[in-house]
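# Report on the structure
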Amino acid sequence: MNKRTLEGHIFKAISYIAAAITLLALVGILGRITLEALPSLSLYFIITPESDVPGLGGGIANAIAGTLLLSILSTALATPLAVGTAVYLKRYAKPGILVRAFGFLLDVLAGTPSIVLGIFGLLFLVYYMKFVTGGFSLIAGTIALTILILPVIERAAEGAIDTVPSELEEASYALGASKWDTVRRITVPFALTGILTGMVLGIGRAAEESAVVILTAGYTQFMPEFKVLPREGFLFGMKIYPFQDLTAALPITVYRSFEFPHLIPASNGFAAAFVLIVIVMLINAATRMLLWRSRIG
Amino acid sequence: MNIGTIIKNLFTGMWEDTRAVSPIVATLVLVVVAITGAAAVGTIMGTFSSDVSDQSNTGELTSASSTEILIAGSTTVQPVSELLAEAYMDEHQGVKITVQGGGSGAGVSSTGLDIVDIGAASRDPKSEETAKFPDIKTHKIGGSAVVVIVNKDTNLINATKDVINDAYVNHSFGGNLSTITKVFDRSEASGTEETFCKWIGNTTFHSDVVGKSGNAGVLKAVEDTKNSIGFVDFGFADGSDDVIAIGLIDGGKLYSVTEDNIKDQLKTDGTSTVTYPYKMARPLNYMTNGEPNSMEQAFITFARSPGAATYFEECGYFPVTSIA
Amino acid sequence: MAQITHYFLKMNPDELRSKLPHLLLLTCVLATAAITLFFIAFIFKTALPVFESQGLGFITGTKWSYSEQVYGIRIFIIGTLVMTAVTLLLAVPLSVFTAIFLSEFAPVRVAGIMRPTIELLVGIPSVVYGIFGLFVLENIFQDHIDPFLSGTLGFIPFFSDPSPNSGTGVLLASTILAVMILPTIIALSEDAMRAVPFEYKEASFALGATHWETIRKVVLPTASGGILAATVLGMMRAMGETMAIVMLLGNSAHIPSSVLDTGYAMTSKILNDIGYYCAMDEPRSALFGIAAVLFAMEIIFVAAARKIGGKL
């Protein structure tokens, strides 16, 4: 065997080993989390809020509901802004220094360390804007998370718009359609797959975030409520549930098992982590399946 | 089919090639999604309806501030607050008490800023805090003490204040601590650390001291690390078999860590050492911004009542009734 | 205001209908820009007092004391940089070779399973990595990896173990961070490698190059922009990580002397102290100062990454 083939084989082997290590590490972590979670994992644990269980821990329904609310609301808030921005930048704005500067701004926002966003949320949304947000609350958490995932969705939308064949749009213009009609009937529908992928990424990012959520949404042992009660010192003199109320989230449940290891069994934390991973995975899988269906049909 | 196989099939089926999704796997995933969704909606609707019934029972439109309390602050007080809240809510239907952490300092400032209804602190408010928030009222609900702990393999039973001070400030180990190699403190600013600093008389530690988060973090680190030393609240040390709370030699006298010693010290006015260094003993406080409203007052009264004592003992603290 | 109303009144309904979408979209853009700029301005404005009172000493100073009102963050900056560097040393070779495996060597079936599995792992929350590192890995590091490293390589100061009885430290934090950023770097590097036109590779093969030579001389250089951008993205994620680092790095205020030593990262300092000092003006400004410096570093990296050319 000559030197060149030998070198080839060696590096091929290194690649295989690297891939094996990566896979092993990742599968090992998932496996270990599942294993550690098993003692706590039960239907009761998943559908009971912590407030219904004596002592600390014991149920995560409050956190599941909170995580779903936080991630879905923030995605719902971020998507129109993000898609609007992407469409404008790609189809309306004239390319130039401003558009480039805007792209840079979005990249900066995308790379923002979450703790920086967290302390912004704590000081501005929780302390300064208390009369609107109600202090630690679902709104404060949602707004902070919206800022966090806005660039994620925006970038996915931009990428998706880039894949729209220009022939289609040109054909639309040739038929006399206006710019808005073309965007509405050709560009956005064609880019929908990419936009949806971006939304799923956004939901996942919001669901896994902990530093921002702990500093803006707080934590509660209770399920979200849906009601309105009078409350002094708040906007309009009332407190609107669940928006101005505290919200729990799964990552915070995980963190609590680290904070109180003598009161909450570690398996509770791992079980919450497991459920969180499964939720993100299911949303992912469901979207993939949906997209696959729509592509065939 | 076990869960592992299902997950494996999910992966292979779903992603190796999208066309290869088997109808069975697709249905399985849909079923799981449906069940999760149904469970979530069901529980949310469940709380919704029970709220409605609660309200119709009372028959009046109550204000949010008269049915809810948010407690936040000291992580030392947090577990006992949660137990108290649970017990209180069992007796008072329609009342909702939420408990958060954040640290003693956060407890004081968020009380002053009206972010929370009741703040919790494992120390008295400092002068700069009372200057900034003059309306804060303090309600003592119990007491506890900071203890110095070492890993149980160390076989140490006591140490002098100077030696402990040396370990933290100079990272040098003399006297009874000569076998120690690792020193832990709290990573975040905390009432526990401030109390300890007050006792040794130094606020800046050597840079080799390793910070751990929360009483629990320090406890776990000392449990897991041979020849290590740390400080935690008595309640945390009490429950662990892997650490020894060492006796403290202060002013030539040995004060050993026992429940009775700490309780007896807490019974004094706290300005001189009787059975445990007085600077290491500390109150557990609730705070309100101004006078508490009737609802907050009712809860604070409950926390100070003899009936609440068992929740303090469960956490290793001393209820106000036992130290008054 | 009056001008704007006039502008709209002047238009007939048809004109309005055609302009409205444009205006709506423009509103989206302006809102996004306003939110972003306000957020950045808020951070820097809150941090301003500490820059004024400390000057350059804020970045170069090593002492941080609330009671003496001295705030220097060199220790935290170096802690963050050292940790990030070790993370990249661990993660980049591993992920680039894994990406090579996926794009060049892996059978279609294997790559088809591995790729989405790796993608899914992006979704594991950092706090989960944190408790995994603390409850599972710390003991392994303490009992096996640290003694082994300091035993075999301890003569190099870089690998000596100043705290033989503890697993926490730069290496533990970096290992977890490396696992955390692996999926990001792998996915983006692989994309870059697969984007290399097949003609380039064919040309290389036609000239008699072996598969590995083609990878090394054609694929990697062509994809280098994308790989670098991926690395920068991973680096930013590592620098900005908070929860896991608070649990694993050790939080001791000194510059780590070796990879097994403990340290203190900028993000940890902010999280540890913000709750306590949020109501006090000066300490709060100091903590926002750390955030501002971190933010500034990040902005520089973003600019660098854009210069390199890879889209983040």
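The following paragraphs examine the structure supplied in this document. Everything numeric here is computed off the predicted structure, so don't read it as measured data.

With that settled, consider the overall build of chain A. In terms of regular secondary structure, chain A is built from twelve helices and two strands. When the helices and strands of chain A are placed in sequence order, the string is α-α-α-α-α-α-α-α-α-α-β-β-α-α. Each principal axis of the C-alpha distribution contributes one length, and for chain A these read about 70 × 65 × 40 Å. Here chain A, with 297 residues, has 57% of them falling under the buried criterion. Pairs at least 24 apart in sequence give 75% of the contacts found in chain A among residues at least 6 apart. Total accessible area computed for chain A in this model is approximately 11700 Å², and 70% of it derives from carbon and sulfur atoms.

Turning our eyes to something else, we now look at the interface of chain A and chain C. At the interface, 71 residues of chain A touch 74 residues of chain C. Summed over both sides, the interface of chain A with chain C buries roughly 6900 Å², with 81% coming from carbon and sulfur. At the boundary of chain A and chain C, one finds three salt bridges. Put simply, C:Arg306 and A:Asp107 hold a salt bridge, and the shortest N to O gap is 2.7 Å. Applying the counting criterion to the chain A and chain C interface returns ten residue pairs in polar contact (both at pLDDT 80 or more). Tallied by class, the residues present in the side of chain A that touches chain C amount to 48 nonpolar, twelve polar and eleven charged.

Residues and elements named next belong to chain B. Read across the sheet, three strands follow the order E5-E10-E11 without closing on themselves; strand pairing throughout is mixed. Each having just a single partner strand, strand E5 (158–160) and strand E11 (253–255) make up the two edges of the open sheet. Across the sheet, the mean angle from the axis of one strand to that of its neighbour is 25°, orientation sign disregarded. Inspection of the sheet shows strand E10 (residues 247–250) paired to E11 by three bridges, in the antiparallel sense. When the bridges of E11 are listed, Leu 248 appears paired with Tyr 255.

As a further point, take a nonpolar patch on the surface. Residue and element names in this part refer to chain A. The grouping of Phe 131, Val 228, Leu 235, Phe 236, Met 238, Ile 240 and Phe 243 at the surface amounts to a nonpolar patch, some 620 Å² of accessible area in total. By the secondary structure assignment, Met 238 is in strand E2 (residues 238–240). By relative accessible area, Met 238 is classed as partly exposed at 30%.

In total, this model carries 37 aromatic pairs over all chains according to the counting rule given. Their ring planes at 15° and their centres at 5.5 Å tell us that A:Phe120 and A:Phe124 sit as a pair that is stacked. Within this pair, A:Phe120 and its partner A:Phe124 are both found in helix H5 (residues 114–128), separated by four residues, close to a single helical turn. Residue classification places A:Phe120 among the buried positions, given a relative accessible area of 3%. Overall, the relative accessible area of 19% leaves A:Phe124 in the buried class. Relative to C:Phe39, the ring of A:Phe120 lies with its centre 5.0 Å away and its plane at 70°, an arrangement referred to as edge-to-face. Of this pair, A:Phe120 sits in helix H5 while C:Phe39 sits in helix H2 (residues 13–54), placing the two residues on different chains.

Here we come to the nonpolar core. In this structure, A:Ile33, A:Leu250, C:Phe39, C:Ile43, C:Trp64, C:Ile73 and C:Met266 are the most contacted members of the largest nonpolar core, which totals 183 residues. Contact partners of C:Ile73, with chain neighbours within four places excluded, come to C:Phe58, C:Ile59, C:Gly61, C:Trp64, C:Met266, C:Ile290 and C:Val293. Judged by nonpolar contacts, the second largest core, of 74 residues, contains B:Leu83, B:Ile118, B:Leu248 and B:Tyr255.

In total, this model carries 31 salt bridges over all chains according to the counting rule given. For A:Arg91, the salt bridge is made with A:Glu169, and the minimal N-O distance between the two is 2.9 Å. With a gap of 78 residues between them, A:Arg91 in helix H3 (residues 61–92) and A:Glu169 in helix H8 (residues 166–174) connect regions that are remote in the sequence. On the accessibility criterion, A:Glu169 (7% relative accessible area) is buried. One salt-bridge network, in which partners are shared between bridges, spans A:Glu225, A:Lys239, A:Asp245, B:Glu68 and B:Lys96.

Analysis parameters
Each chain has its residues counted from 1, running along the sequence as written. Chains carry letters and ligands carry numbers; both start at the beginning, A for chains and 1 for ligands, and go up in the order they are written. Only residues with pLDDT of 70 or above have their local features reported here, since the model is predicted, and side-chain atom pairs are shown and tallied only from 80 upward, although totals for entire chains, interfaces and linings are computed over all residues. Neither water nor hydrogens contribute to the side-chain values; these are computed over all heavy atoms in the structure. Helical segments are the DSSP runs of H or I of at least four residues, strand segments are the runs of E of at least two, and each set is numbered from the N terminus. Throughout, exposure labels follow a simple rule: accessible area from a 1.4 Å probe, protein chains only, divided by the maximum for the residue type, with under 20% read as buried, over 50% as exposed, and the rest as partly exposed. Throughout, a residue-residue contact means that at least one pair of heavy atoms, one from each residue, lies within 4.5 Å. Here the accessible surface of atoms and residues is derived via Shrake-Rupley with a 1.4 Å probe, and residues count as covered only by protein chains that are part of the display. When two parts are brought into contact, each loses some accessible area as probed by a 1.4 Å sphere; the total of that loss over both is the buried area. For salt bridges, the criterion is a side-chain nitrogen of Lys or Arg within 4 Å of an Asp or Glu carboxyl oxygen. Two N or O atoms form a polar contact when they lie within 3.5 Å of each other; inside protein one atom must be a possible hydrogen donor and the other a possible acceptor, and for residues adjacent in sequence the pair counts only when both atoms belong to side chains. All residues other than Ala, Val, Leu, Ile, Met, Phe, Trp, Tyr, Cys, Pro, Asp, Glu, Lys and Arg, Gly among them, are scored as polar; the first ten of these are nonpolar and the last four charged. For two strands to count as paired, DSSP must find a minimum of two bridges between them. Axis lines are fitted to C-alpha atoms, over the contacting stretch for helices. Their N-to-C directions set the angle, which ranges from 0 to 180 degrees. Like charges within 9 Å and nonpolar side chains (Val, Leu, Ile, Met, Phe, Trp, Tyr) within 5 Å are joined into patches, using only residues over 30% in relative accessible area that form no salt bridge. Note on aromatic contacts: the rings of Phe and Tyr and the six-membered ring of Trp form a pair at centre separations within 6.5 Å, being stacked when their planes are under 30 degrees apart, edge-to-face when over 60 apart, and tilted otherwise. Residues belong to a common nonpolar core when they are buried Ala, Val, Leu, Ile, Met, Phe, Trp, Tyr or Cys residues joined through side-chain atoms within 4.5 Å.

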